[in-house]
Amino acid sequence: MKRWTERQATLNTTVSPDTLNKELESSQSSMTTLSREQVPANWLDPTRLVDYAIHRVWQDAQWPGASDGQQQADADANVQSRSFLASTIQVHAGGWTNVSNSPITLTGFKGGNLYFEYGANVYANNIFARGLNDGYPGSPGYMKMRVTVNGVTIVERRGKALHARQRIFGTAFLPAGDLSVQVQFRLTEPSGDANSNTNAAPPANNIVFGHVWGGRYLAVGRWR
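About the thresholds
- Residues numbered from 1 in each chain as written.
- Predicted model: local features only at pLDDT ≥ 70, side-chain atom pairs only at ≥ 80, totals over all residues.
- Heavy atoms only, no water.
- Helix = DSSP H or I, 4+ residues; strand = E, 2+ residues; numbered from the N terminus.
- Buried < 20%, exposed > 50% of the residue type's maximum accessible area, 1.4 Å probe, protein only.
- Areas by Shrake-Rupley, 256 points an atom, 1.4 Å probe, with all protein chains shown as cover.
- Contact = heavy atoms within 4.5 Å.
- Polar contact = N/O pair within 3.5 Å; in protein donor to acceptor, adjacent residues only side chain to side chain.
- Phe/Tyr/Trp six-rings, centres within 6.5 Å; stacked < 30°, edge-to-face > 60°.
- Lys NZ or Arg CZ within 6 Å of the ring centre and 35° of its normal.
- Pairing = 2+ DSSP bridges.
- Core = buried A, V, L, I, M, F, W, Y, C linked by side-chain atoms within 4.5 Å.
- pLDDT = per-residue confidence, 0-100.
- Salt bridge = Lys/Arg side-chain N within 4 Å of Asp/Glu carboxyl O.

Some thoughts on the overall build of the chain
Summing up its helical and strand segments, the chain has 1 helix and 10 strands in all. Mapped in sequence order, the helices and strands of the chain form the string α-β-β-β-β-β-β-β-β-β-β. Per-residue burial for the chain yields a buried fraction of 37% across its 224 residues. A total accessible area of about 13,700 Å² is found for the chain, and carbon and sulfur atoms account for 51% of it.

What to know about the side chain of Asn113
Of note, Asn113 is situated in strand S5 (residues 112–124). Setting aside residues up to four positions removed in sequence, Asn113 forms contacts with Thr171, Ala172, Phe173, Val220, Gly221 and Arg222.

Notes on the environment of Glu189
With respect to the helices and strands, Glu189 occurs in the loop between strand S9 (179–187) and strand S10 (208–222). Sequence-wise, Glu189 and Phe209 are 20 residues apart; in three dimensions their C-alpha atoms are separated by 10.0 Å. Looking at Glu189, its side chain comes within polar contact range of the side chain of Arg186, at 3.4 Å.

Things to note about the packing of aromatic side chains
As enumerated under the stated definition, the model contains 6 aromatic pairs in all. On the basis of an interplanar angle of 90° and a centroid distance of 5.9 Å, the ring pair of Trp63 and Tyr217 is categorised as edge-to-face. Here Tyr217 lies in strand S10 and Trp63 lies in the loop between strand S1 (55–60) and strand S2 (87–88), a separation of 154 residues in the sequence. The class for Trp63 is buried, based on a relative accessible area of 6%. Between the aromatic rings of Phe116 and Tyr217, the centroid separation amounts to 5.7 Å while the plane-to-plane angle is 20°, which identifies the pairing as stacked. Placement of the pair is Phe116 in strand S5 and Tyr217 in strand S10, with a sequence separation of 101 residues. The class for Tyr217 is buried, based on a relative accessible area of 12%. Note that Arg56 overlies the ring of Tyr52, its terminal NZ or CZ placed 3.9 Å from the centroid.

What about the pairing of S10?
Of all 15 residues that make up S10, 11 are buried, and the element is covered over most of its length. Summarising the sheet, S1 and S10 pair through 6 bridges and their orientation is antiparallel. Looking at S10, one finds that His55 is bridged to Arg222. In this sheet, S10 lies alongside S2 in antiparallel orientation, the contact comprising 2 bridges. Along S10, the bridge assignment pairs Ser87 with Gly210. As paired strands, S5 and S10 are joined by 11 bridges and run antiparallel to one another. Its bridge partner lying in S10, Leu114 is registered against Gly221.

Observations regarding the side chain of Gln182
Mapped onto the elements of the fold, Gln182 is located in strand S9. The class for Gln182 is buried, based on a relative accessible area of 8%. Polar side-chain contacts of Gln182 include one of 3.3 Å to the backbone oxygen of Ser100. Excluding residues that lie within four positions of it along the chain, Gln182 makes contacts with Trp63, Asn98, Val99, Ser100, Ser102, Pro103, Arg146, Val147 and Thr148.

Looking at the nonpolar core
Leu106, Leu114, Phe116, Tyr118, Met145, Val183 and Val212 are the most contacted members of the largest nonpolar core, which totals 31 residues. Mapped onto this core, the elements with two or more residues apiece are strand S4 (104–106), S5, strand S6 (142–149), strand S8 (163–174), S9 and S10. Non-local contacts of Val183, meaning those with residues more than four positions away in its chain, are made with Trp63, Thr97, Asn98, Val99, Phe116, Tyr118, Met145, Arg146 and Val147.

Digging into the confidence of the model for the chain
Averaged over every residue, the pLDDT of the chain is 80; residues scoring 70 or more account for 70%. Ranking the elements of the chain by mean pLDDT puts helix H1 (residues 17–31) last, at 57, and S4 first, at 97.

Notes on the pattern of salt bridges
Per the stated rule, a full pass over the model turns up 2 salt bridges. Salt-bridge contacts for Arg186 lead to Glu189; the nearest nitrogen and oxygen are separated by 3.4 Å. Residue class for Arg186 comes out partly exposed when judged on its relative accessible area of 26%.

Here you go:
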């Protein structure tokens, strides 16, 4: 027989926290599982747990690895001397752009809660955010960023203007199966009358529009 309540609260008195705990433990023991007080001491130890039984962690201290943590898309080689191989007006198509050519694959996800965090240094050249008719100090341009899992956005933020360390993180409840994660960035579009650098003489004379580097990520899947 199911026991829902072990103790009744006296009228016109406050229910103690212990009373609520007893009630919860009573329902757990009869309907779902044993409480910690009801299992033998030292019953749960490493020999009784298999790998990833409760959670799993994925991480990379330098992602994308193929480019030493720098963005792989929009890596314009025709930039000025000593500049990053970065996004320029000449190569940036606008809209959301993948940081890496290959998504992150989280293998062995058993279904449950996913926490994902990505951090990187970002730079947005605000000379392209200021048009000829824009008053001082001008409208800032931002390095927008978002994270998608299996093509669905789980978190998005406006990001930083100018130059800073940027961090984005979010959680989602997802079904079991391998997950495909991608981090994307989006630069604020140039002003309509801003300098587009289209008259620069190639090669090696394009001006950096924006850049992402020093990237790393952490993912934690929890299913129990």
